[in-house]
Structures are given as C-alpha cells and as structure tokens.
Amino acid sequence: MSNVSDSIAAEYSNLAWRHSKKAGEAFENWTLRKSQEDHAEAMLHAQMATMYAGMATATRLGK
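Residues numbered from 1 in each chain as written. Predicted model: local features only at pLDDT ≥ 70, side-chain atom pairs only at ≥ 80, totals over all residues. Heavy atoms only, no water.

(A) Representation of the overall build of the protein chain within the structure. For the protein chain, the helix and strand inventory stands at two helices and zero strands. A compact globule built from 63 residues would reach a C-alpha radius of gyration of about 11 Å, whereas the protein chain, at 14 Å, exceeds it by more than 25%. On the principal axes, the C-alpha backbone points of the protein chain span a range of 50 × 10 × 10 Å. The buried share of the protein chain, reckoned over its 63 residues, is 24%. In the protein chain, the proportion of contacts linking residues at least 24 apart, taken out of those at least 6 apart, comes to 63%. The distance from the centre of the 7 positive side-chain charges to the centre of the 7 negative ones in the protein chain is 5 Å. (Helix = DSSP H or I, 4+ residues; strand = E, 2+ residues; numbered from the N terminus. Rg over C-alpha atoms; globule rule 2.2 N^0.38 Å. Buried < 20%, exposed > 50% of the residue type's maximum accessible area, 1.4 Å probe, protein only. Contact = heavy atoms within 4.5 Å. Lys, Arg positive; Asp, Glu negative; His and termini not counted. Charge placed at Lys NZ, Arg CZ, Asp CG, Glu CD.)

Spelled out as structure tokens, the structure:
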C-alpha cells in the first residue's frame, strides 16, 4: 500500500509543479500585457498548484 501512496503523492507533486510553472509563465505575461485573461489564468494555475501540493502532502501524511 505504501508504494501506491508514494506513487499517488508523486503524481500530485508533479501536477503541482506543472501548474506552478504555468502560473509563473502566465504572471510574466500579465506583467507585460496587463491582460485580465493572463491574470485569471495565472490565478487559476496558482490555485491548482496549491491544491495539488496539499493533496500530495495529505497523501504522504496519510500513510
């Protein structure tokens, strides 16, 4: 069971990292263009990164 939990936690961590990277790119675009769409995209990706990081932590702690 531990291997399954580790695998799930690793996948959540990977998703958190990818969303974090996309949030950074969208924030860079927003600082250049000041577009509401870029800001909304950045905020969404930041929220998703936070959610997945929390899920990864909860999975690891739940072992």
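(B) View of the pattern of salt bridges. Taken as a whole, this structure holds two salt bridges when the rule is applied. The residue Arg-18 makes a salt bridge to Glu-11 at a minimum N-O spacing of 3.8 Å. Judged by relative accessible area, Glu-11 falls into the partly exposed class, the value being 39%. (Salt bridge = Lys/Arg side-chain N within 4 Å of Asp/Glu carboxyl O.)

(C) Highlighting the packing of aromatic side chains. Per the stated rule, a full pass over the model turns up one aromatic pair. Taken together, a centroid distance of 6.1 Å and an interplanar angle of 25° make the contact between Tyr-12 and Tyr-52 stacked. Residue Tyr-12 is found in helix 1 (residues 2–33), and its partner Tyr-52 is found in helix 2 (residues 36–61); the two are separated by 40 residues along the sequence. With relative accessibility at 21%, the residue Tyr-12 sits in the partly exposed group. (Phe/Tyr/Trp six-rings, centres within 6.5 Å; stacked < 30°, edge-to-face > 60°.)

(D) Here's a closer look at the side chain of Thr-59. Looking at where Thr-59 falls in the secondary structure, it is placed in helix 2. Discounting residues that sit within four places of it in the chain, Thr-59 has contacts with Ser-5, Ile-8, Ala-9 and Tyr-12.

(E) Region of interest: the environment of Glu-11. Among the structural elements, Glu-11 can be located in helix 1. In this structure the C-alpha to C-alpha distance between Glu-11 and Tyr-52, which are 41 residues apart in sequence, comes to 9.0 Å.

(F) Focus on unusual backbone geometry. The phi dihedral of Lys-34 falls on the positive side, at around 55°, and the residue is not glycine. Within the secondary structure, Lys-34 sits in the loop between helix 1 and helix 2.

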